[in-house]
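# Architecture at a glance
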Amino acid sequence: MEISSKYSPSDVEGKWYQYWLDNKLFSSKPDGREPYTVVIPPPNVTGVLHMGHVLNETIQDILVRHARMEGKNACWVPGTDHASIATEAKVVNRLAEQGIKKADLTREEFLKHAWAWTEEHGGIILKQLRKLGCSCDWDRTAFTMDGPRSESVIKVFVDLYRKGLIYRGVRMVNWDPKALTALSDEEVIYKEEHTKLYYMKYYLADSAPVSVAEDDGNVVHHDDRGYYAVVATTRPETIMGDVAMCINPKDPKNQWLKGRKVIVPVVGRVIPVIEDEYVDIEFGTGCLKVTPAHDVNDYMLGEKYNLEAIDIFNDDATLSDRIATAQQKSLAETKVSNDYVIGLEKYVGMERFACRKQIAEDMVAAGLMEKIEDYDNKIGCSERTGVPIEPKLSMQWFLKMQHMADIALDPVMNDDIQFYPAKYKNTYRHWLENIKDWCISRQLWWGHRIPAWYLPTGGFVVAENEEEALTLAREKSGNADLQLADLRQDEDALDTWFSSWLWPISLFDGIRNPGNEEISYYYPTADLVTGPDIIFFWVARMIMAGYEYEKKMPFRHVYFTGIVRDKLGRKMSKSLGNSPDPLDLIERFGADGVRMGMMLSAPAGNDILFDESLCEQGRNFNNKIWNAFRLVKGWQVADGEQPEAAKLAAGWFAAKLRLAAEELADDFSKYRLSEALMTVYKLFWDEFSSWYLEMIKPAYVDGKQQPIDRATYDITLQFFEILLKMMHPFMPFITEELWQALYERQPGESIMRAELHMEASTGYDHLLCAAVDELKEIVTNVRAVRSQKNIAPKEKLTLEVVDAADLRPLPEGGVEALKKMANLEVVNVVSEKSKGSASFLVGTAEYAVPLGNLIDLDAERKKLEAELQRIEGFLVSVQKKLANERFVQNAPAAVVEMERKKQADAEQKIAALRESLAAL
RNA sequence: GGGCGCUUAGCUCAGCUGGUUCAGAGCGUCUGCCUUACAAGCAGAGGGUCAGCGGUUCGAAUCCGUUAGCGCCCACCA
């Protein structure tokens, strides 16, 4: 049957994936073998596969398949994340398209929509992972909001609360005015922006004299309305919440303001000037406006000096009507001239940035603005919605982090848990050493609802379920008649990461059933593969939870991948449209080709510049493997003597295989997967296809291909099988396809379960290896002669081996191999090479190809002279080194010996070259 | 503002504990080939002042210092 010369991935990939599923080859159960566990970083349940996933999941699959072939009980657990804020936003958007407002729905109604959406879009990404070839144990598929996981989350919340590690309180938090929820510090990203710095006039509130001596350093501002201080701010709208002005007591510029009162412009509120060394004397004018409700530092000052906090915003960051009320109240208390005041009613309901613009204009018009400058500022924005966050005082739940940091730092620093690359240890340590409490409550519905119930009489109880809550509430209130209906459960949900941090434990039910068989067997997991962008969100917190609940690390190694960028170095993103669709790539290049393309340039921790041409290279490699297989399986086999050349080739390739296997093991142990792939790539393409197969390939006689001898055929199939096994983790589909076709296989057998131990029979012979490498070099030289002289490959040549005293005889079969590979008529050993031949050196031995009248004497001479000059130069440098007494004395004996050998070799080569030149 | 990392061929990167002809690999480029496994291929070739400067050393791509450029992380200068 004719087999196509082109490999067609789409014909085989689906077939083998189904075969693997049908035969339960991905599934794992605890047994006596060493476990190898990987938990997938759960993608968003409603997400779709992008290039970042392709990178990440390919790496995991390579590691898992490799471990499985090492005979370990490999278990890769898949699952998805409910992605609280992201999913809720998507559902809200979809409802909006249908004209439904979230505010008009009850919690239950909304959740019904959210679950519908989850069922509709959920799991798509898991289906896509199958196309990639991922060998996950699908029976274990989990979801962060499924039953067991949810129960685990609640259990942990209650436990931590009872340990006193979770508390509830009013704090300044990061408020996302678009998502209408609090965020953790980690969810705030800072963006550089060009903004303005506004210098505003705060007039003295009284007419008491300002006494300032000349040259005492005071900087006093004065105009026809009176004396004033200047305050610089990037957020003029927040003056509506000003309750004090603060100066540094050591600031010579502002001594005159001590103990005075000033008028907040526009607002008309009279506020005190307080003193605190927090204020930077160098910044702006050294006068700081204090707005405790809208700035973290001002909040701290407010607490310290017992200042009122006036919240000027609604939750969506429009201006609240409180600003007007506060203004009326303060104006009633203190009579302030209308010169300084504008009614704040006009700003009520305005969006914050519109208000900023408006109020700045109004101040300029009213002469209350000293000046406006351009200013570059960093603005904290919501990681999810992108809008600038608003520091906001609110009641939230927090997890105390100091204890968590204490248990999580050492294991990483002393390498119980190893990071690849190790540089992230620093990042990790820095974060833990400066850790702050984790705000875990979100004003969202999609997520795990906080298990706290409020009593009608005030106070609350924390419980695993309603029954327990009721019991506790009755105890707490002393009211035995209390009913569930009297209790009100907290409306908030938990941060998504509060469930993901349990992932390696909750997947094996270690929270609900501590010490069960699964958790005891599979935990700690082996490797975690993830991006460095979630080192704090997820990696660090899993380590905390791991030590808190299992007293052990959750994983032994963390492999941090880079970011996938396009070839111009831009991050792949939807908005740029520079991200290819992985499924489309798989369609065009095959999953194996895409996996390989991804891995070809993916060193751990470095960003990878992805280019489709890499997938093309992967596809081409698949095709190469395919064709090598076609060649080998196309041979007729006959009993007969094994040619010496084939015997030589087999001995040599066995040695190469052994070397490559060692290299591969080393690469894997260091997580250098790109290097490992390159190792097998070169092994298969260069050594096996270009050299080994060419050396053993039976010749054509009279247009008829000769059969191959049994011994060579058998060993070649063995080599092929080992090669397939080495390549399988990277390219699972084609290797399975060919492995199945290589020999008769039993139903249910798979390369997946074939162990990658090097057969004991493959010997390892250094001398043989070196001898063949030398043969290869001779062949290359002859081919170069051909190429330079434009001699057709079909034309047979003669090779002369110029006899020399130390010339080592060619190995058994060497001559035969040379003749075949270089297409030689004959190999002669001569004492002097023929006139008119092209010569070259391999090692210190000289070879010549007689060319008759084809030889270009001038060119030949030039070539030899150039070579001679190079070696002479080299000799000089070696001699210089050896003449240096300090070198000979200080360098290790072996190094000196090496130099002596170099010298001797060079001298010998020079002699040979001189002879050749003379002969011309 | 603090910390970390990077700079090696046209591109993407290896190069470990300083020492082998150590200056490498893959891709791309150039030249010649449809040679009965493969043109998604075969054979051959060219290509680098290891970012600059200084130091340590018998010896530096490798260690130290410094300058420049780039990148990342952290931070409450309004």
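What you see is a predicted model, and the numbers here were worked out from it, not measured in a lab. (Residues numbered from 1 in each chain as written. Chains lettered and ligands numbered in written order. Predicted model: local features only at pLDDT ≥ 70, side-chain atom pairs only at ≥ 80, totals over all residues. Heavy atoms only, no water.)

Along the chain, Leu399 falls in strand 15 (residues 390-399). For Leu399, a relative accessible area of 0% translates into the label buried. Distance from Leu399 to Pro30, taken between C-alpha atoms, is 35 Å for residues 369 residues apart in sequence. Ignoring anything within four residues of it in the chain, the contact list for Leu399 reads Leu160, Leu165, Ile166, Asp437, Trp438, Ile440 and Trp501. (Helix = DSSP H or I, 4+ residues; strand = E, 2+ residues; numbered from the N terminus. Buried < 20%, exposed > 50% of the residue type's maximum accessible area, 1.4 Å probe, protein only. Contact = heavy atoms within 4.5 Å.)

This part takes up the side chain of Lys201. Residue position: Lys201 is located in strand 7 (residues 188-204). One polar contact links Lys201 to Asp223, side chain to side chain, over a distance of 3.3 Å. A polar side-chain atom of Lys201 sits 3.3 Å from the main-chain carbonyl oxygen of Gly367. (Polar contact = N/O pair within 3.5 Å; in protein donor to acceptor, adjacent residues only side chain to side chain.)

A surface patch of nonpolar side chains, about 190 Å² in accessible area, is lined by Val212, Val220 and Tyr227. Looking at the secondary structure, you find Val220 in the loop between strand 7 and strand 8 (221-223). (Patch = residues over 30% accessible without salt bridge, like charges linked within 9 Å, V, L, I, M, F, W, Y side chains within 5 Å. Areas by Shrake-Rupley, 256 points an atom, 1.4 Å probe, with all protein chains shown as cover. Salt bridge = Lys/Arg side-chain N within 4 Å of Asp/Glu carboxyl O.)

Let us now look at helix 5 (residues 124-132). Within the sequence span of helix 5, burial applies to Ile125, Leu126, Gln128, Leu129 and Leu132. When helix 5 is viewed along its axis, its buried side chains cluster within an angular range of 155 degrees and face the same direction. Along helix 5, the residues that are exposed and aim more than 90 degrees away from the buried face are Lys127 and Lys131. In this structure, the buried side of helix 5 is in contact with helix 2 (51-69), strand 3 (79-80), helix 17 (582-599) and helix 22 (732-742). (Arc of directions from axis to C-beta.)

Turning to the nonpolar core, a few remarks are in order. With 195 residues, the main nonpolar core has Phe498 and Trp501 as its most contacted residues. No other element matches the 14 residues that helix 19 (residues 644-669) contributes to this core. Contacts of Phe498, omitting those with residues within four sequence positions, involve Val153, Val156, Phe157, Leu160, Ile166, Trp438 and Ile440. (Core = buried A, V, L, I, M, F, W, Y, C linked by side-chain atoms within 4.5 Å.)

Let us look at the protein's contact with RNA strand B. Taken together, 60 residues sit near RNA strand B, with Asp280, Tyr375, His430, Arg630 and Lys902 positioned nearest. Here, RNA strand B places atoms within 4 Å of the protein, and 56% of those atoms are sugar or phosphate. One of the side-chain nitrogen or oxygen atoms of Lys378 is found 3.0 Å away from a base nitrogen of RNA strand B. In terms of residue count, helix 18 (residues 612-633) provides more of the surface near RNA strand B than any other element does, 9 residues in total. (Near = heavy atom within 4 Å.)

A word on the packing of aromatic side chains. In this structure the tally under the stated criterion is 48 aromatic pairs. An aromatic cluster is built from Phe621, Phe629, Trp652, Phe653, Tyr681, Phe684, Trp685, Phe688, Tyr692, Phe719 and Phe720, whose rings are joined through pairwise contacts. For Arg130, the ring lying beneath its charged end belongs to Trp138, and the centroid distance is 4.1 Å. The ring of Tyr199 has Lys371 sitting right over it, with the charged end atom 4.4 Å from the ring centre. (Phe/Tyr/Trp six-rings, centres within 6.5 Å; stacked < 30°, edge-to-face > 60°. Lys NZ or Arg CZ within 6 Å of the ring centre and 35° of its normal.)

What follows covers the packing of helix 10 (residues 402-413) against helix 11 (residues 424-433). As a packed pair, helix 10 and helix 11 sit with axes 10 Å apart at the nearest point and diverge in direction by 160 degrees. Regarding the angle of helix 10 to helix 11, the classification is roughly antiparallel. Here helix 10 runs over helix 11; the crossing is left-handed. Together, Ala405, Ala408, Leu409, Val412 and Met413 of helix 10 and Lys425, Tyr428, Arg429, Leu432 and Glu433 of helix 11 make up the contact between the two elements. (Axes fitted to C-alpha atoms, helices over the stretch in contact; angles between N-to-C directions. Parallel < 35°, antiparallel > 145°, perpendicular 65-115°, else oblique. Left-handed = near helix turned anticlockwise from the far one by under 90°.)

Let us look at the sheet that holds strand 33 (residues 837-842). Spatially, 4 strands are ordered 32-31-34-33 in an open sheet, and the strand pairing comes out mixed. Each edge of the open sheet carries a strand with a single partner, namely strand 32 (824-830) and strand 33. Within this sheet the neighbouring strands show an average axis-to-axis angle of 25 degrees, counted without direction. As defined by bridge partners, strand 33 adjoins strand 34 (residues 845-850) across 6 bridges and the pair is classed as antiparallel. Bridging from a neighbouring strand, Val842 pairs with Ala845 of strand 34. The strands touched by helix 23 (residues 766-789) within the sheet are strand 31 (797-802), strand 32, strand 33 and strand 34, with strand 33 carrying the most contacts at an inclination of about 150 degrees. (Pairing = 2+ DSSP bridges.)

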